[in-house]
Amino acid sequence: MGENKEYMTHPEELGFIHISEEVLASLAAGAAVDVEGISGLMNVAAKKSGTRGVRLAVDEDGAVVDVYILIRYGYAIPEVAGKIQGAVSNAVESMTGFAVKAVNVHVGGVSFQ
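Basis of the calculations
Residues numbered from 1 in each chain as written. Predicted model: local features only at pLDDT ≥ 70, side-chain atom pairs only at ≥ 80, totals over all residues. Heavy atoms only, no water. Patch = residues over 30% accessible without salt bridge, like charges linked within 9 Å, V, L, I, M, F, W, Y side chains within 5 Å. Areas by Shrake-Rupley, 256 points an atom, 1.4 Å probe, with all protein chains shown as cover. Salt bridge = Lys/Arg side-chain N within 4 Å of Asp/Glu carboxyl O. Helix = DSSP H or I, 4+ residues; strand = E, 2+ residues; numbered from the N terminus. Buried < 20%, exposed > 50% of the residue type's maximum accessible area, 1.4 Å probe, protein only. Expected span 1.5 Å × (residues − 1). Arc of directions from axis to C-beta. Contact = heavy atoms within 4.5 Å. Pairing = 2+ DSSP bridges. pLDDT = per-residue confidence, 0-100. Phe/Tyr/Trp six-rings, centres within 6.5 Å; stacked < 30°, edge-to-face > 60°. Polar contact = N/O pair within 3.5 Å; in protein donor to acceptor, adjacent residues only side chain to side chain.

**Q** Even after reading the chapter, I still don't get a nonpolar patch on the surface, so can you show me in this structure?
**A** A contiguous nonpolar patch, built from Tyr73, Val110 and Phe112 and spanning about 390 Å² of accessible area, is present on the exposed surface. Assignment of secondary structure puts Val110 in strand 6 (residues 100–111). Taking relative accessible area as the criterion, Val110 reaches 43% and is therefore assigned partly exposed.

**Q** Could you clarify how one ought to interpret helix 2 (residues 77–96) in this entry?
**A** Structurally, the α-helix is built with 3.6 residues per turn, so residues lying three or four positions apart point the same way. For helix 2, spanning 20 residues, the distance from its first C-alpha to its last is 28 Å, which sits close to the expected 28 Å at 1.5 Å a residue. Val80, Ala81, Ile84, Val88, Ser89, Ala91, Val92 and Thr96 are the residues of helix 2 that are buried. In a view along the axis of helix 2, the buried residues occupy a sector of 165°, so they form one face of it. Exposed residues lying more than 90 degrees from the buried face of helix 2 are Pro78, Asn90 and Ser94. Where the residues of helix 2 are buried, they touch strand 2 (15–20), helix 1 (21–33), strand 3 (38–41), strand 5 (62–72) and strand 6. Backbone geometry just downstream of helix 2 places Gly97 in the positive-phi region, at approximately 80°.

**Q** Sorry, what's going on with the side chain of Ser111 here?
**A** Relative to the helices and strands, Ser111 resides in strand 6. The class of Ser111 is buried, set by a relative accessible area of 13%. If we ignore the near neighbours within four places in the chain, the residues touching Ser111 are Ser39, Ile71, Arg72 and Tyr73.

**Q** What should I look at first to understand the pairing of strand 1 (residues 7–12) in this one?
**A** Side-chain direction in a regular strand flips from residue to residue, so the side chains alternate between the two faces of the sheet. Pairing between strand 1 and strand 2: 6 bridges, direction antiparallel. Looking across to strand 2, one finds that His10 is bridged to Ile17. The antiparallel pairing of strand 1 with strand 2 creates a hairpin that spans 2 residues between the two strands.

**Q** Help me understand the confidence of the model for the protein, please; the structure alone is not making it clear to me.
**A** Segments scoring low in pLDDT should not have their predicted coordinates read at a detailed level. Averaged over all residues, the pLDDT of the protein is 87; the fraction at 70 or higher stands at 90%. Of all the helices and strands in the protein, strand 1 carries the lowest mean pLDDT, 73, while helix 2 carries the highest, 96.

**Q** Hey, could you run me through the packing of aromatic side chains in this one?
**A** Here the distance between the centres and the angle between the planes together describe a pair of aromatic rings. Overall, the coordinates contain 1 aromatic pair when judged by the stated rule. Arranged with centres 5.1 Å apart and planes meeting at 35°, the rings of Tyr73 and Phe112 form a pair that is tilted. Taken together, the residues Tyr73 in the loop between strand 5 and helix 2 and Phe112 in the segment after strand 6 connect sequence positions 39 residues apart. Accessibility assignment for this pair places Tyr73 and Phe112 in one class, exposed.

**Q** Just checking my understanding: could you explain helix 1 for this structure?
**A** With 13 residues, helix 1 should cover 18 Å at 1.5 Å per step; its first-to-last C-alpha distance of 18 Å lies within 8% of that length. Among the residues of helix 1, those classed as buried are Glu21, Leu24, Ala25, Leu27, Ala28, Ala29, Ala31 and Ala32. Here the buried face of helix 1 lies against strand 1, strand 2, strand 3, strand 4 (54–59), strand 5 and helix 2. Of the residues that open helix 1, the one with a side-chain oxygen 3.0 Å from the backbone nitrogen of Glu22 is Ser20.

Next comes the structure, spelled out in structure tokens:
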């Protein structure tokens, strides 16, 4: 299971902890949608996880998270994107103990609602 790229493995004193990439993607999506100014996540075909709006690239050094969003009209894109990067990184790192190497925010549209 540790060699399978669908899981991140964290060695502990009493054994290993294996966390599914789907769990990491869910944590990232949940953190992103809580940021003020985001209208929602975009539909993108995720490679392994079924989580809408999030793609992950995982290796031994950590994870690179790509988040695909729609932003609400009237919000500053760089400000909202920076908040998303911080929220996603903090959520994944604090809940899993795994390093997040990068959070890339892709703004695919503007919502006027």
